[in-house]
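Descriptive analysis of the structure
Letter by letter, the chains look like this.
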Amino acid sequence: MSHDPIDLNPSTLVELRDGIDAIDDRIHDLLMKRAELVMRVGELKGKGPAGTPFYRPEREAQIHRRLEGRHGGPLPVEAVHRIFREIISASLNLEKQLSVAYLGPEATFTHEAALKQFGSAFTMFSTRTITEVFHEVEIGRANFGVVPVENSLEGVVIHTLDRFVRSPLNICGEVLMPVELNLLARGGVLGEVRVIYGHFSALDQCAQWLSHYLPQVKRVEVASTAEAAERARREEGAGAICGPFAANRYGLVVIAEHIEDQARLENRFLVVGRESPAPSGADKTSIMVSFLDDPGFLHRILGVFAERGINLSRIESRPTQERAWDYLFFIDMEGHRQDEGVSAALEALGALSGVSVKILGSYPQHAL
Ligand SMILES: O=C(O)C(=O)C[C@]1(C(=O)O)C=C[C@@H](O)C=C1
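The numbering scheme is per chain: residues are counted from 1 as the chain's sequence reads. Where local features are concerned, this predicted model is filtered to residues with pLDDT of at least 70; where side-chain atom pairs are given and counted, the filter is 80 or more; whole-chain, interface and lining totals use all residues. With hydrogens and water excluded, all non-hydrogen atoms of the structure serve as input to the side-chain values.

Bringing a negative patch on the surface into the picture now. In this analysis, a patch consists of residues with relative accessible area above 30% that form no salt bridge, clustered at 9 Å for like charges and at 5 Å for the nonpolar side chains Val, Leu, Ile, Met, Phe, Trp and Tyr. Shrake-Rupley sampling with a 1.4 Å probe provides the accessible areas, and residues are treated as covered by the protein chains on show and by no other component. Every case where a carboxyl oxygen of Asp or Glu lies within 4 Å of a side-chain nitrogen of Lys or Arg is listed as a salt bridge. For the purpose of charge, His is not counted, nor are the chain termini; Lys and Arg are scored as positive and Asp and Glu as negative. A charge is said to be at NZ when it belongs to Lys, at CZ for Arg, at CG for Asp and at CD for Glu. Taken together, the side chains of Asp 7, Glu 15, Asp 18, Asp 21, Asp 24, Asp 25 and Asp 29 make up a negatively charged region of the molecular surface. Tracing the backbone shows Asp 25 in helix 1 (residues 13-47). Overall, Asp 25 belongs to the partly exposed group, its relative accessible area being 49%. Helix and strand labels come from DSSP, where a helix needs a run of H or I of at least four residues and a strand needs a run of E of at least two; each type is numbered from the N terminus. Only protein chains enter the area calculation, which uses a 1.4 Å probe; residues under 20% of their type maximum are buried, those over 50% are exposed, and those in between are partly exposed.

As structure tokens, this is what we get:
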């Protein structure tokens, strides 16, 4: 492809728009060329052994990290990530059509996380519970599932951890999303709000703001932020605490932005599936460990990682659901199970008598 150089210093509106048209033509041509290459990648995968994965989160993470590394210019890097998310999503759709189940209803934070991970070319459907997300993937009705696992204020989502105990699925990815909570309603006037609907954690996260600005207004707990938005859409004088994503979907007006009491809240979600991503260069590994209720055992387990200089990013304990007072530990560490240090630590852990280890997955650290 040879092109005329694009004039970056035009002076009139017509010339500026001519320049934009010329650039759009090139972007369009290049997108089609990229799609042709991706289709050839898809053909190679199709000829590979049965079960060769089409979705390659480690490769996608590398693409995003590489772009971030070369980024410069007026567009924010988040916009670049969003654009490439969609390019990759549409490209993968040429290789294979894949589906994703997420904890619904529509317009929840988990839905937003699923779109952030997979883009909009995937077939997506919601389920009512976390267990159903796992089930849909386990029986093959969805290729992947997205579930919440951690909220930086409320802590861990126990249903998700508990479900891993009896699920054959792997963790294939994580999505981190800053929490933005807004007050929404059909009309945009604070003084007209008579009742506020919200998920219990959203109400909790905004408690100070609500007490200060709307001390007399009744707060009603509902099952999800999406349900709160639905109620606010139907009821006169009702407000809902939701993210901006729900505001668009339910046609509500934002009355107040960022009403969360604590800045920089973050939610973490997991992608579950049957595939095991290859190393991406910056990965995490999650495991589940159970051991005899013996003094010093936890110390020995943690020692296995400390001796090898492996950084643990999270440790969470849960009752085993089998015997009272027996505990399971969920441990996240930096590195991929194929990395030398992590693989040696996992081997040493498995060799400790009285310890059983289940590897839940190695996956790229959140890239965007
Ligand atoms: O590199 C691959 O394996 C591809 O299929 C190409 C591509 C892309 O568009 O760049 C598409 C989907 C994969 O999840 C990763 C990357």
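Continuing now.
We now examine the site of the ligand. One heavy atom suffices: a residue is near a molecule or strand as soon as one of its heavy atoms comes within 4 Å of it. The ligand sits among 14 residues. The nearest are Arg 34, Lys 45, Arg 56, Glu 60 and Glu 95. In protein, a polar contact requires one atom able to donate a hydrogen and another able to accept it; more generally it is a pair of N or O atoms within 3.5 Å, and residues adjacent in sequence count only if both atoms are side-chain atoms. In this structure, Arg 34 approaches the ligand through a side-chain N or O atom, which is 2.8 Å from an oxygen atom. Glu 95 places a polar side-chain atom, nitrogen or oxygen, 2.4 Å from an oxygen atom of the ligand. Relative to its unbound accessible surface of 360 Å², the ligand loses 91% to contact with the protein. Contributing elements (two or more residues each) for the shell around the ligand: helix 1, helix 2 (57-70) and helix 3 (77-95). Classes in brief: Ala, Val, Leu, Ile, Met, Phe, Trp, Tyr, Cys and Pro nonpolar; Asp, Glu, Lys and Arg charged; the others, Gly included, polar. Residue composition of the shell around the ligand, by class: 7 nonpolar, 1 polar and 6 charged.

Looking now at the sheet that holds strand 12 (residues 283-291). A pair of strands is considered paired only if DSSP assigns at least 2 bridges between the two. The 4 strands are arranged 13-14-12-15 in an open sheet whose pairing can be described as antiparallel. A strand with exactly one partner marks an edge of an open sheet, and here the two such strands are strand 13 (312-319) and strand 15 (355-364). Ignoring strand direction, the axes of neighbouring strands in this sheet form an average angle of 15°. As paired elements, strand 13 and strand 14 (residues 327-334) share 7 bridges and run antiparallel to each other. Its bridge partner being in strand 14, Pro 319 is matched across the sheet by Tyr 327. Helix axes are fitted only over the stretch in contact, all axes being lines through C-alpha atoms; the angle between N-to-C directions runs from 0 to 180 degrees.

Next up on the list: the pattern of salt bridges. Taken as a whole, this structure holds 20 salt bridges when the rule is applied. Glu 150 is paired through a salt bridge with Arg 268; the nearest N and O atoms lie 3.1 Å apart. Of this pair, Glu 150 sits in strand 3 (residues 144-151) while Arg 268 sits in strand 11 (residues 266-273), and the two are 118 residues apart along the sequence. A residue is classified by how much of its surface remains accessible, and Glu 150, at 25% relative accessible area, is partly exposed. Exposure remark for Arg 268: the relative accessible area of 6% places this residue in the buried category. Here Arg 233 makes a salt bridge to Glu 230, at a shortest N to O gap of 2.9 Å. Residue Arg 233 and its partner Glu 230 are located together in helix 9 (residues 225-234), separated by 3 residues, close to a single helical turn. A relative accessible area of 38% means that Arg 233 is categorised as partly exposed.

Tracing the backbone shows Ser 224 in the loop between strand 8 (218-222) and helix 9. Distance from Ser 224 to Gly 69, taken between C-alpha atoms, is 37 Å for residues 155 residues apart in sequence. By the convention used here, residues are in contact when the closest approach between their heavy atoms is within 4.5 Å. Sequence-distant contacts of Ser 224, defined by excluding residues within four places in its chain, comprise Pro 105, Thr 108 and His 199. Within polar-contact distance, the side chain of Ser 224 engages the backbone nitrogen of Glu 227 at 3.0 Å.

Mapped onto the fold, Glu 174 is located in strand 5 (residues 170-178). A distance of 2.9 Å separates the side chain of Glu 174 from the side chain of Lys 284, its partner in a polar contact. At 3.0 Å, the side chain of Glu 174 and the backbone nitrogen of His 366 are in polar contact.

This part is about the domain arrangement of the protein chain. Per the domain assignment, the segments of the protein chain are domain 1 (182-256) and domain 2 (283-364). For domain 1 versus domain 2, the separation of C-alpha centres amounts to 41 Å. In this entry, domain limits derive from an automatic or database-based domain assignment.

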